[in-house]
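Chain and residue survey
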Amino acid sequence: MIWALLALADPDPGLVAFADAFDRAQLRQDRAAMEAMIADDLVYIDGSGRRQGKQAFIEGWMTPGDRFDPLVLTDRVIVSLGPDAGVANAETVLGGVSGGRRFSSHFRFADTFRRTKGRWQVAHVQVTRIEARR
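Residues numbered from 1 in each chain as written. Predicted model: local features only at pLDDT ≥ 70, side-chain atom pairs only at ≥ 80, totals over all residues. Heavy atoms only, no water.

Turning our attention to the side chain of Asp23. Within the secondary structure, Asp23 is located in helix α2 (residues 13-27). In this structure Asp23 is buried but unpaired, with Arg76 as the nearest side chain of opposite charge at 4.2 Å. Non-local contacts of Asp23, meaning those with residues more than four positions away in its chain, are made with Leu73, Arg76, Phe109 and Asp111. (Helix = DSSP H or I, 4+ residues; strand = E, 2+ residues; numbered from the N terminus. Buried < 20%, exposed > 50% of the residue type's maximum accessible area, 1.4 Å probe, protein only. Lys, Arg positive; Asp, Glu negative; His and termini not counted. Salt bridge = Lys/Arg side-chain N within 4 Å of Asp/Glu carboxyl O. Contact = heavy atoms within 4.5 Å.)

Before going further, it helps to examine the pattern of salt bridges. Across all of its chains, the model carries eleven salt bridges by this definition. Taken together, the salt bridges that share partners define one network made up of Asp12, Asp84 and Arg115.

What follows deals with the pairing of strand β1 (residues 38-45). Here four bridges tie β1 to strand β7 (residues 119-129), and the two strands are oriented parallel to one another. Each bridged residue has a counterpart across the sheet, and for Val43 the counterpart in β7 is His124. Looking at chain direction, β1 and strand β2 (residues 51-52) are connected through two bridges and run antiparallel. For Tyr44, the partnering residue across the bridge sits in β2 and is Gln52. Between β1 and the antiparallel strand that follows it, β2, lie five residues; Gly49 among them carries a positive phi value of about 95 degrees. (Pairing = 2+ DSSP bridges.)

This next bit is on α2. Here α2 contains 15 residues, and its C-alpha end-to-end distance of 22 Å stays within 8% of the 21 Å for a straight helix at 1.5 Å per residue. Among the residues making up α2, those that are buried are Leu15, Phe18, Ala19, Phe22, Asp23, Ala25 and Gln26. Along the axis of α2, the buried positions cluster into a sector of 160 degrees, meaning they face one direction only. The backbone nitrogen of Gly14 lies 2.5 Å from a side-chain oxygen of the residue at the head of α2, namely Asp12. Positioned one or two residues after α2, Gln29 has a phi angle of 55 degrees, which is positive. (Expected span 1.5 Å × (residues − 1). Arc of directions from axis to C-beta. Polar contact = N/O pair within 3.5 Å; in protein donor to acceptor, adjacent residues only side chain to side chain.)

Turning next to the layout of surface pockets. Taken as a whole, the largest pocket holds about 550 Å³ of empty space. Taken together, 25 residues form the lining of the largest pocket, with Tyr44, Trp61, Leu94, Phe107 and Val127 sitting closest to its centre. Listing elements by their share of the lining of the largest pocket, those giving two or more residues are α2, α4 (54-59), β5 (85-98), β6 (101-116) and β7. It is β6 that provides the largest number of residues to the lining of the largest pocket, a total of five residues. (1 Å grid on protein atoms, 1.4 Å probe; cavity = no way out; pocket = protein on both sides within 12 Å on 5 of 7 lines; lining within 4 Å. Points joined across faces, edges and corners; volume = space filled by probe spheres on them.)

As enumerated under the stated definition, the model contains six aromatic pairs in all. When the ring of Phe68 is compared with that of Phe103, the centres are 6.1 Å apart and the planes differ by 85 degrees; the resulting orientation is edge-to-face. Of this pair, Phe68 sits in strand β3 (residues 67-68) while Phe103 sits in strand β6, and the two are 35 residues apart along the sequence. When its relative accessible area of 17% is taken as the criterion, Phe68 is described as buried. Feature note: the residues Phe18, Phe22, Tyr44, Phe57 and Phe113 constitute an aromatic cluster, connected by ring pairs. (Phe/Tyr/Trp six-rings, centres within 6.5 Å; stacked < 30°, edge-to-face > 60°.)

Most often, soluble globular proteins keep nonpolar side chains buried together rather than apart. Counting residues in hydrophobic clusters, the biggest one holds 26 residues, and the most contacted among them are Met34, Ile38, Phe57, Phe113 and Val122. Contributing elements (two or more residues each) for this core: α2, α3 (31-37), β1, α4, β5, β6 and β7. Discounting residues that sit within four places of it in the chain, Phe113 has contacts with Leu15, Phe18, Ala19, Phe22, Asp84, Ala85, Gly86, Ala88, Trp120, Gln121, Val122 and Ala123. (Core = buried A, V, L, I, M, F, W, Y, C linked by side-chain atoms within 4.5 Å.)

This is the structure:
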């Protein structure tokens with residue numbers, strides 16, 4: 001019952017700003033920002049369903065020569081789970097250039113954040129691939 005009431009409340013503006021900054025850090029391939037923003041014990045579930053950790057998540061964004069197009073998030077929902085936790089999720093098509101070739105990946109993600117000692121961090125990321133619609 002309490003969770004349902006929290007979900008209806010507007011999300012913490014600091015949480016929204018952190019979620020936005022996390023998205024920007026990934027697209028800019030900002031390793032230092034990602035290292036600081038992601039909890040050491042991150043649980044990362046990739047699009048294949050495999051569980052990985054912080055370093056695998058970061059390295060997935062750091063391939064030399066990769067460049068990402070501006071990101072457009074659709075159906076974005078940010079839910080506060082109390083004063084020190086929240087979830088941001090959205091659907092997107094991530095496009096860009098990798099290995100000299102254009103790519104496009106359609107997926108929905110859920111990023112779970114927790115605040116410890118006044119500082120937001122990413123605690124869990126789950127990616128679900130969306131197959132091309134026919």
